[in-house]
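So the chains spell out like this:
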Amino acid sequence: MDVDMQQENGPEPSCSDRVPRARTLSSLNTLFEPDKPSPEQNQATPDDLSSLPLETVKELLNNALMQGNGEALWSLGNSDPPGLPPDVLEKSLEVLRSAATALEANCSLLRTKNCGERIAADCLIRTKLQDVDDFLEVRVAVLGNVDAGKSTLLGVLTHGLLDDGRGLARMRLFRHKHEMESGRTSSVGNDILGFDGEGHVLHQGATDGHAQPDWAEVCRRAAKVVTFIDLAGHERYLKTTVFGMTGHAPDVCMLMVGANAGLVGMTKEHLGLALALHVPVFVVVTKIDMCPQNVLQDTLRLLQKLLRSPGCRKMPLLVQNTDDVVTAAMNFHSQRLCPVFQVSNVSGQNLDLLKQFLNLLRTRMEAMESEPAEFQMDDLYSVPVRSSHWRSLADELRVSGRWHCRLWNRAPRGHTS
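The model shown is predicted, which means the values in this text are computed figures rather than measured ones.

Evaluated as defined, the whole model comprises seven salt bridges. Of the charged contacts, one joins Lys224 and Glu71 as a salt bridge, the two residues approaching to 3.1 Å between their closest N and O atoms. Of the two residues, Lys224 sits in strand S7 (residues 224-230) while Glu71 sits in strand S1 (residues 71-76), which places them 153 residues apart along the sequence. Overall, Lys224 belongs to the buried group, its relative accessible area being 0%. The closest approach of N and O atoms between Asp122 and Arg111, which form a salt bridge, is 2.6 Å. Residue Asp122 is located in strand S3 (residues 118-127), and its partner Arg111 is located in strand S2 (residues 105-115); the two are separated by 11 residues in the primary sequence. Asp122 gets classed as buried once you look at its relative accessible area, which sits at 1%. In this structure, a network of salt bridges that share partners links the residues Glu71, Arg126 and Lys224.

Right, here's the structure in full:
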């Protein structure tokens, strides 16, 4: 996988002439030996559904949804020889959609691949939750050295507005005055990106970007929510970053690398932290709009060398089109494949590919709906002690005669319990 090759926006490759870096899904599934098999590898799914009874397909699909915590990626025509005849593929898609409808799930066609006279397809099935206010959640920790563009990228993704090149997008995420003045994150920040049942992005606020983020509205409309955990990149705040990686229990890590700076500062330390915690990692190379081509190629070469090193043992995959996105998502949880995205927060280049990948990410943790909800308290605040304020707050915290937290009459430092 040579990084010197020039990237070109050509037509989507077919199964017969695919370049080596984007192998077919069947070969990728046999190449990786994951520590924990992905749902697609736990149970083989049939490639041809045209001749199977609907009840059988429903049972297979239901098992796949249970293993994937409400989501499943289904491949049709992933066999040898690859692909299905067009009429057989159409019948298989019809059966799969009928089974998904019977299980109250959405079925979206992700891609089709021409394999000579045969065609292969990949579909995303996502469960419709019974409670309209409920949604699937994936937690993504954002790591990387200072000035890599972590907060800027999150601001662009969640608000749907491009950056102006001077840090406008990141101002929507900063929580403290000193962060706005320095432009550097020093605390654990959070933001969300919602997707509907068909995988369309739900942005926060109005299109002009001046409205306050409306998380409640996004969560109400979303079938899936990606929660970003924005962590500090400066070595001074390493303890805060470690706390975010351990206390917030991320499903995936997004490692940010500045194309113009390369693998500097805390980049390797953050990657080592994610590897030590056995959290899957994918890489986003930012600022490609302002970086000379030779510097970008040097950064990618060093990045691939690092990922292939004995300490990482990962296979980097440069994502250039939708076909690469689906290939990466199908094999990502093997923890041997590491997708690499190249984006620009100013021009918006390749941001659509990153959003498609985020839509296909799945949680690693099993849902425990029967267990009581647990909330984490990580900030303390000092407020003026006024009896009227305490009484108003106490009325809001009282639910069904029970207290959700204990209030102290004397709270010089914002005590909570």
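Read on, since the account is not over.
Within the element layout of this structure, Gly77 appears in the loop between S1 and helix H4 (86-102). Excluding its chain neighbours within four sequence positions, the residues that come into contact with Gly77 are Asp47, Pro82, Gly83, Leu84 and Ala120.

Another aspect to go through is the nonpolar core. In terms of nonpolar packing, the biggest core is built from 37 residues, with Phe228, Met254, Phe282 and Phe341 touching the most fellow members. For this core, the element with the most residues is helix H12 (residues 351-360), which contributes six residues. What Phe282 contacts, discounting residues up to four positions off in sequence, is Val252, Cys253, Met254, Leu255, Phe332, Cys338, Pro339, Phe341, Leu354, Phe357, Leu358 and Leu361. In terms of nonpolar packing, the next biggest core, distinct from the first, is built from 29 residues, Ala259, Leu271, Ala274 and Cys338 among them.

For the rest of this paragraph, the subject is the sheet that holds S2. Reading across the sheet, the three strands line up as S1-S3-S2 and stay open at both edges, with antiparallel pairing between neighbours. Taken across any chain shown, the strands that pair with only one partner, and hence form the sheet edges, are S1 and S2. Taking each pair of neighbouring strands and ignoring which way they run, the sheet shows an average axis angle of 15 degrees. Both S2 and S3 contribute to a ladder of 10 bridges, which runs antiparallel. Across the sheet, residue Ala105 finds its bridge partner in S3, namely Thr127.

In terms of residue burial, strand S11 (residues 337-342) counts as a mostly covered element, since six of its six residues are buried. Neither face of S11 is exposed, since Leu337, Pro339 and Phe341 on one face and Cys338, Val340 and Gln342 on the opposite face are all buried. Looking at chain direction, strand S9 (residues 281-286) and S11 are connected through three bridges and run parallel. Residue pairing in the sheet places Val284 in a bridge with Phe341 of S11. Bridge count between strand S10 (residues 315-318) and S11: four bridges; the pairing is parallel. Directly across from Leu317, in S11, lies its bridge partner Pro339. Remark: the S10/helix H11 (residues 322-331)/S11 crossover connection has right-handed handedness.

Read across the open sheet, the eight strands follow the order S6-S5-S7-S4-S8-S9-S11-S10; overall the sheet is mixed. Only two strands of the sheet have a single partner each, and these edge strands are strand S6 (201-202) and S10. Relative to S11, helix H10 (residues 293-308) is tilted by about 165 degrees, and along the sheet it contacts strand S8 (252-258), S9, S10 and S11. Packed onto the sheet, H12 meets strand S5 (189-195), S6, S7, S9 and S11 and runs at close to 110 degrees relative to S7.

Once that is clear, we can look at the packing of aromatic side chains. Counted according to the given criterion, the structure contains five aromatic pairs. Centre to centre, the rings of Phe332 and Phe357 are 5.4 Å apart; their planes meet at 80 degrees, and the pair counts as edge-to-face. Within this pair, whereas Phe332 is found in the loop between H11 and S11, its partner Phe357 is found in helix H12, the two being separated by 25 residues in sequence. Judged by relative accessible area, which is 0%, Phe357 ranks as buried. With a centroid separation of 5.3 Å and an interplanar angle of 50 degrees, the aromatic rings of Phe341 and Phe357 are classed as tilted.

In this section: H11. In terms of burial, H11 is a largely internal element, nine of the 10 residues being buried. Residues Asp323, Asp324, Val325, Val326, Thr327, Ala328, Ala329, Met330 and Asn331 constitute the buried set of H11. The N-capping residue of H11, defined by a side-chain oxygen 3.2 Å from the backbone nitrogen of Asp323, is Asn321.

Criteria and cut-off values
Going along each chain's sequence as written, the residues are numbered from 1 onward. Note on the predicted model: pLDDT of at least 70 is required for a residue's local features to be given, and 80 or more for side-chain atom pairs to be given and counted; whole-chain, interface and lining totals, by contrast, use all residues. In computing side-chain properties, one takes all heavy atoms of the structure into account and sets aside hydrogens as well as water. The term salt bridge refers to a pairing of a side-chain nitrogen on Lys or Arg with a carboxyl oxygen on Asp or Glu at a separation within 4 Å. For the purposes of this entry, the term helix denotes a DSSP run of H or I that reaches at least four residues, the term strand denotes a run of E that reaches at least two, and both are numbered from the N terminus. We call a residue buried when its accessible area falls under 20% of the maximum for its residue type, exposed when it is over 50%, and partly exposed in between, using a 1.4 Å probe and counting protein chains only. Contact definition: two residues touch when any of their heavy atoms are within 4.5 Å. Throughout, nonpolar core names a set of buried Ala, Val, Leu, Ile, Met, Phe, Trp, Tyr and Cys residues whose side chains join them through atoms within 4.5 Å. Paired strands are those between which DSSP finds at least two bridges. The convention used is that axes are lines fitted to C-alpha atoms, helices contributing only their stretch in contact, and that angles between N-to-C directions extend from 0 to 180 degrees. Handedness of a crossover is defined as follows: orient the strands so they point away from the viewer, and if the path from the first strand over the helix to the second runs clockwise, the crossover is right-handed. When two rings of Phe, Tyr or Trp (its six-membered ring) have centres within 6.5 Å they constitute a pair, described as stacked for plane angles under 30 degrees, edge-to-face for angles over 60, and tilted for the intermediate range. Polar contact is the term for a pair of N or O atoms within 3.5 Å; when the atoms are in protein, one must be able to donate a hydrogen and the other to accept it, and sequence-neighboring residues count only if both atoms are side-chain atoms.

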